[in-house]
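Descriptive analysis of the structure
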Amino acid sequence: MNIHEYQAKELLEKFGVATPSGRVASTPEEAESLARSMISNQLVVKAQIHAGGRGKGTFTSGYQGGVKLCKTASEVGAVAAQMLGQTLVTHQTGEAGRLVRKVLIAESKEIARELYFAITLDRALGCPVIIASLQGGMDIEAVAEKSPDAIVREPIHPGLGLLPFQSRKLAKELGFGPANMRAACRLFHAVYRLFTECDCSLVEINPLVETKGGEVFALDAKLNFDDNALFRQPEIVAMRDLDEEDPREVQASKFNLNYIGLDGNIGCMVNGAGLAMATMDIINHYGGSPANFLDVGGGANEQQVTEAFKILAGDPNVKAILVNIFGGIMKCDIIAQGIINAWKVVSCDVPLVVRLEGTNVELGKKLLRESGLPIIAAEGLAEAAEKVVAAAKGSN
Amino acid sequence: MEYGTKVVAGVTPARGGEVFEGRVPVFDTVLEARQQTGCNATMIFVPAEFAADSVMEAIDAGIELVVCITEGIPVLDMLKVKQFMVGKNSVLIGPNCPGIITPGQCKIGIMPGYIHKPGTIGVVSRSGTLTYEAVWQITSRGYGQSTCIGIGGDPIHGMTHRDAIEFFNADPGTEAIVMIGEIGGGEEEEAARFVKERVHKPVIGFIAGATAPPGRRMGHAGAIVSGGKGAASDKIAALEACGITVAKTLAEIGDTLMERLKK
């Protein structure tokens with residue numbers, strides 16, 4: 001799960017990490033009046049969407065840049081008017097871009113140095129790891145490619161946590177002098193506490209800045225959370241912004257279905273994440289293009305299958321549907337009954353290819369045969385993929 | 001039990017003293033079950049919220065093989081489990097996996113038994129249903145499996161691809177190995193290096209996720225930690241460079257294996 005920059009900064013503040021004071025506005029008028037209440041005459045207006053690269057992004061209106069410096073409140077109002085209600089396209093949003101519904105108005109700081117500081121999971125070592133660099137404010141992947149030596153990695157023992165000497169080492173490596181050493185160490189510990197207490201999968205502060213006045217600030221922040229841990233993070237769940245998510249994904253998540261929307265025209269319903277990925281791959285191999293990733297999971301019931309099918313059938317981009325099930329815990333007859341139920345409530349006018357194998361396969365096939373539905377049956381996976389690709393082309 | 005696995009005990013807190021289906025005694029704790037029955041393997045289905053605790057309970061009780069089926073365990077909980085395991089003798093398979101099966105002998109998992117057949121092919125996979133698919137293709141072509149291991153789809157888990165291949169390499173009953181991987185992490189590459197250095201049995205590979213959109217579920221920093229690794233194309237190249245024959249599609253795993261065995 002992702003949250004907005006302004007929400008990330010609220011969380012950082014709560015854990016004791018300083019961020020430039022700022023407020024969120026939904027209208028240009030609100031933005032202007034907020035700006036009037038702020039003391040600084042160096043303000044920055046930032047479009048709030050769940051994607052990076054905003055500063056270099058372009059609005060579909062032609063307006064350049066989702067991050068702007070302003071000197072006066074009226075200027076803030078004018079900039080907010082250009083951003084709010086407009087669609088911002090960045091290198092992370094895809095061509096469709098994202099609608100800007102909120103802007104953050106924050107005090108701009110006189111920056112002396114820009115650094116990079118992040119905590120994430122090191123899968124190979126099986127522990128959290130701090131990733132830091134003197135080259136802040138840039139895309140860290142670009143830094144990793146051009147100058148891998150400029151990146152410092154510090155693994156953290158999950159039982160012991162971040163140790164004081166590790167913080168001092170990092171502060172030294174990030175060039176903090178005697179005046180700011182302690183502030184920097186305090187900040188590192190605060191970020192680690194946020195990472196563990198909120199079940200983050202990523203805390204990325206880019207840039208972390210040292211101002212000319214000698215203060216240490218998180219100027220921009222990105223937080224991702226472990227979806228598996230959301231059951232114990234009600235405060236984080238409350239920050240979820242459904243407007244930022246694909247409506248098909250929002251609908252799927254209501255029924256605990258693992259769905260990711262894609263740009264193709266073949267709807268897929270599969271059990272198991274690996275099989276779902278491999279099904280997308282084989283559709284692609286035979287010249288088709290998947291409209292989605294959908295793992296109905298191991299223990300799905302008829303209702304979940306019905307809802308999953310509704311999402312596929314209701315997607316205007318979908319020209320054909322492939323159901324590929326290899327039953328383990330999931331029984332083939334449950335899938336078959338779910339499809340039959342869904343058919344009664346959704347008008348599905350695209351070809352449907354079904355391939356069933358595994359637990360209760362004969363019962364599942366029998367249910368589908370006797371239902372009289374116009375289903376194209378397939379035995380093997382390759383046959384199913386070929387048939388659905390041909391069907392999608394035929395119904396175009 | 002239907003498959004012939006010797007189930008000697010069940011554990012459900014506050015249900016100790018009951019007997020399941022007139023045959024299997026139920027205990028309150030894993031330690032009691034271990035002490036009274038001498039069980040040496042366990043399968044855990046406990047809900048995600050409490051599963052990490054159950055895994056540690058089983059390890060603490062000294063159970064040699066711990067298979068955790070549960071999906072959705074928080075990553076931070078699994079980090080604690082990994083720490084807890086240091087210095088202990090237990091082997092953990094999973095979580096978020098279908099388990100392990102030696103066809104015709106023993107099944108500790110949730111896979112459909114009938115698709116398997118005793119034989120000489122070792123199968124290891126990060127995905128449950130992908131394993132079933134591969135196993136079914138092998139069985140349909142008249143071959144059987146020595147053992148099939150689902151190591152699970154979570155980023156932090158017990159047995160790795162490399163561990164499983166090391167086991168298959170040492171197993172006289174295994175003549176060829178099928179490794180089924182997917183995008184993310186660097187475990188398939190690590191296993192491939194091991195294959196190149198130590199394994200003389202034929203190894204077939206498959207990597208799922210070539211068409212998965214980049215960036216989903218993976219933050220910037222995560223992509224760096226794995227050192228630019230994780231994409232399907234990189235993994236396939238790494239496997240091939242180590243002498244592993246990689247099937248182009250999931251449907252071709254069986255045929256790819258047959259061709260490799262003929263050589």
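1. Structural notes on helix α5 (residues 164-173) of chain A
Residue and element names in this part refer to chain A.
- When we look at burial in α5, the residues that qualify are Q166, S167, L170 and A171. When α5 is viewed along its axis, its buried side chains cluster within an angular range of 135° and face the same direction.
- Contacts made by the buried residues of α5 are with β9 (127-133), β10 (151-155) and α6 (181-197).
- One or two residues past the end of α5 sits G175, with phi positive at roughly 80°.

2. Regarding unusual backbone geometry
- At the junction of A:N206 and A:P207, the peptide bond is cis and its omega measures out at 5° in the coordinates.
- In this structure, A:P207 sits in strand β11 (residues 200-211).
- For the bond running from B:G94 to B:P95, omega is 10°, close enough to zero to count as cis.
- Position of B:P95 among the secondary structure elements: in the loop between β6 (91-93) and β7 (99-102).
- With a phi close to 50°, A:D199 is a non-glycine residue in the positive phi region.
- Considering the arrangement of structural elements, one finds A:D199 in the loop between α6 and β11.
- Its relative accessible area of 3% is what places A:D199 among the buried residues.
- In this structure, A:N256 is a non-glycine residue whose phi angle is positive, near 55°.
- Here A:N256 shows up in the loop between α8 (247-254) and β14 (258-261).

3. A look at the sheet that holds β6(B)
Residue and element names in this part refer to chain B.
- The strand order across the open sheet built from three strands is β4-β5-β6, with neighbouring strands paired in parallel fashion. Only two strands of the sheet have a single neighbouring strand rather than two, namely β4 (41-44) and β6. Averaged over neighbouring strand pairs, the angle between their axes works out to 15° when direction is ignored.
- Direction of pairing for strand β5 (residues 65-68) relative to β6: parallel, over a ladder of three bridges. Looking across to β6, one finds that V66 is bridged to L92.

4. Topic: the packing of aromatic side chains
- Per the counting criterion, the structure on display carries six aromatic pairs over all chains.
- Arranged with centres 5.8 Å apart and planes meeting at 55°, the rings of A:F59 and A:Y63 form a pair that is tilted.
- Classification of A:Y63 as buried rests on a relative accessible area of 18%.
- Consider the rings of B:F167 and B:F168, whose centres lie 5.5 Å apart with planes at 55°: the pair is tilted.
- Its guanidinium or amino end placed over the ring of A:Y63, A:K68 lies 5.0 Å from that ring's centre, counting from NZ or CZ.
- Taking the ring centre of B:F84 as reference, the NZ or CZ of B:K88 above it sits at 4.3 Å.

Rules of the game
Residues numbered from 1 in each chain as written. Chains lettered and ligands numbered in written order. Predicted model: local features only at pLDDT ≥ 70, side-chain atom pairs only at ≥ 80, totals over all residues. Heavy atoms only, no water. Buried < 20%, exposed > 50% of the residue type's maximum accessible area, 1.4 Å probe, protein only. Helix = DSSP H or I, 4+ residues; strand = E, 2+ residues; numbered from the N terminus. Arc of directions from axis to C-beta. Contact = heavy atoms within 4.5 Å. Pairing = 2+ DSSP bridges. Axes fitted to C-alpha atoms, helices over the stretch in contact; angles between N-to-C directions. Phe/Tyr/Trp six-rings, centres within 6.5 Å; stacked < 30°, edge-to-face > 60°. Lys NZ or Arg CZ within 6 Å of the ring centre and 35° of its normal.

All we've got here are geometric facts, nothing functional implied.
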